[in-house]
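Structural overview
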Amino acid sequence: MNIGIVCYPTFGGSGVLATELGKALADKGHNIHFITYQQPVRLSGFHTNIFYHEVRVPTYPLFDYPPYETALASTMVDVILNNNVELLHVHYAIPHAAAAYMAKQILAKQGIKIPVITTLHGTDITLVGKDKTYSPVVTFSMNESDILTAVSENLKEETFKNFKIEKEIEVIHNFVDVQRFHKRPVDAFRKLISPKGEKIIVHASNFRKVKRVEDVVATFLLIQEKMPATLLLLGDGPERSHIEAKARECESHDNIKFLGKQEQMEDILPIADLFLLTSEYESFGLAALEAMAAEVPVISTNAGGLPEININGFCGFMSDVGDVADMSKNALHILQDDATLQQFKANALTQAKKFDIENIVPLYEALYQRVI
Ligand code: GMT
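As a starting point, this report considers the structure included with it. (Residues numbered from 1 in each chain as written. Predicted model: local features only at pLDDT ≥ 70, side-chain atom pairs only at ≥ 80, totals over all residues. Heavy atoms only, no water.)

Looking at the packing of helix 1 (residues 13–27) against helix 15 (residues 357–371)
This is how it is decided: Lines are fitted to the C-alpha atoms to define the axes, a helix being fitted only along its stretch in contact, and any angle between axes, read from their N-to-C directions, falls within 0 to 180 degrees. Runs of E in the DSSP output that reach at least two residues are strands. Runs of H or I that reach at least four are helices, and both are numbered from the N terminus. With respect to orientation, any angle under 35 degrees is reported as roughly parallel, any angle over 145 as roughly antiparallel, any angle of 65 to 115 as roughly perpendicular, and every other angle as oblique. The contact definition used throughout considers only heavy atoms, calling two residues in contact when any of these lie within 4.5 Å. The residue classification treats Ala, Val, Leu, Ile, Met, Phe, Trp, Tyr, Cys and Pro as nonpolar and Asp, Glu, Lys and Arg as charged. All others, Gly included, are polar.
Contact pair helix 1 / helix 15: the axes reach a minimum separation of 11 Å and the direction vectors enclose 80°. In terms of orientation, helix 1 lies roughly perpendicular with respect to helix 15. In contact with L17, L21, A24 and L25 of helix 1, helix 15 contributes I357, V361, Y364, E365 and Y368. The residue makeup of the contact of helix 1 with helix 15, split by class, is 8 nonpolar, no polar and 1 charged.

Following this line, the structure appears as structure tokens:
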């Protein structure tokens, strides 16, 4: 099939998932046309079946806000017409579903029918999309999509709760390439980070308020009162400088390391003993799933779709949002006894395998066949 994929190219989970999906589909012989304003971060290397089409948004003195959505819709039309694209799969509703609707209407005038699949990822529904600034357009364009999918049962429920949706929403959970993430940790790297064998705790996010990264640091400090540990904070975003400044005030700030944006998560995660995800809401928690695939147990909140991936007492634990005392208690339960840690690590891998790329990508392929 010739498939157009539209996503955000940044480190957000929706862009990561869309890029990994495109790469997996290309490996299976499909032609993938990524349409976005920058090369997606996880799209590196050369693949004969992958094409990247950059959306250019020219500036003009009149524009305080250059019209990205218009440029995107026009690029969609151009890419579809010139590459025999058979369907558009857009990730994150805003503004992709609306731009896809516009492209679809333009092509319909030329007698070309292009089906649109919209995958809802999280904040496009729970935070930004439901705001009345966007809500009418998001509702309309979701209803006009030929197929709507959500990455968790929880997100499906949230969508029905917050919008007047007149069609079915199909749940296709996010996935991970277990083979790629399940690597042996590099001993030299581990030694560099934890020279005295301190436990390594990792958090990865785009440092937005919804992630409550301050709770990650608070949980870590409580853990550290009981055992030596190092915290690696991966990623970057609006809250980072404030969290970094606060961390510097801590006595043990040397053990809190900000590594910034990292592309090779599969090389870093295997050295970790524990992954912390303290979000106020998480439609799915792809970062936690990637950690599990690297055999890392997860301490998370029980918000949103997290209970669909983190099984309490099996591959990690869940606590109420903000309950850093409970999160640190659960973390210590896993970390303080080696047999327990090894069991949770093995269970994390078992759980990740349920969401392996091989099980999930065929579900998207089946959708595409159906809609074409
Ligand atoms: O919050 C992010 O990390 C970015 C955001 C996005 O849409 O780019 O992530 C959402 O989509 C991910 C992939 O489906 C999910 O794993 C995240 O849970 C979800 N984030 C939130 O719901 C806050």
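Having seen it, we continue.
Comments concerning the sheet that holds strand 2 (residues 31–36)
What counts is decided by this rule: In this analysis, strands are considered paired if DSSP registers two or more bridges between them.
An order of 3-2-1-4-5-6-7 is seen for the 7 strands of this open sheet, with the pairing classed as parallel. The two strands at the open ends of the sheet, each matched to only one other strand, are strand 3 (50–54) and strand 7 (169–171). Strand-to-strand, the axes of this sheet are offset by a mean angle of 25°, without reference to chain direction. Here 5 bridges tie strand 1 (residues 2–6) to strand 2, and the two strands are oriented parallel to one another. Among the inter-strand pairings, I3 is bridged to a residue of strand 2, identified as I32. The strands touched by helix 15 are strand 1, strand 4 (87–91), strand 5 (116–120), strand 6 (147–150) and strand 7; relative to strand 6, the strand with the most contacts, the crossing angle is about 165°.

Brief notes about the packing of helix 12 (residues 286–293) against helix 14 (residues 338–353)
Cut-off, in case you're wondering: Handedness of a crossing is defined here by the sense of rotation of the near helix relative to the far one, left-handed for an anticlockwise turn of less than a right angle and right-handed for a clockwise turn.
Where helix 12 contacts helix 14, the axes come no closer than 7 Å and their chain directions differ by 120°. Our classification of the angle between helix 12 and helix 14 gives oblique. Every pair of crossing elements has a handedness; the one defined by helix 12 and helix 14 is left-handed. Residues L289, M292 and A293 of helix 12 form the contact with helix 14, whose participating residues are A348, L349, Q351 and A352. Of the residues contributing to the contact of helix 12 with helix 14, the split by class is 6 nonpolar, 1 polar and no charged.

What about the pattern of salt bridges?
Worth spelling out the cut-off: The term salt bridge refers to a side-chain nitrogen of Lys or Arg lying within 4 Å of a carboxyl oxygen of Asp or Glu.
Summed over the entire model, instances satisfying the criterion amount to 20 salt bridges. Note that R180 and E266 form a salt bridge whose closest N and O atoms lie 3.1 Å from each other. Taken together, the residues R180 in helix 7 (residues 178–181) and E266 in helix 11 (residues 265–268) connect sequence positions 86 residues apart. Each of E20, K23, R42, R180, E266 and E290 takes part in one network of salt bridges that share partners.

Focus on the sheet that holds strand 11 (residues 274–277)
Strand order in this open sheet of 6 strands is 10-9-8-11-12-13, and the pairing throughout is parallel. The outermost strands of the open sheet, each flanked by one partner alone, are strand 10 (256–260) and strand 13 (316–319). Neighbour to neighbour, the strand axes of the sheet diverge by 20° on average, direction disregarded.

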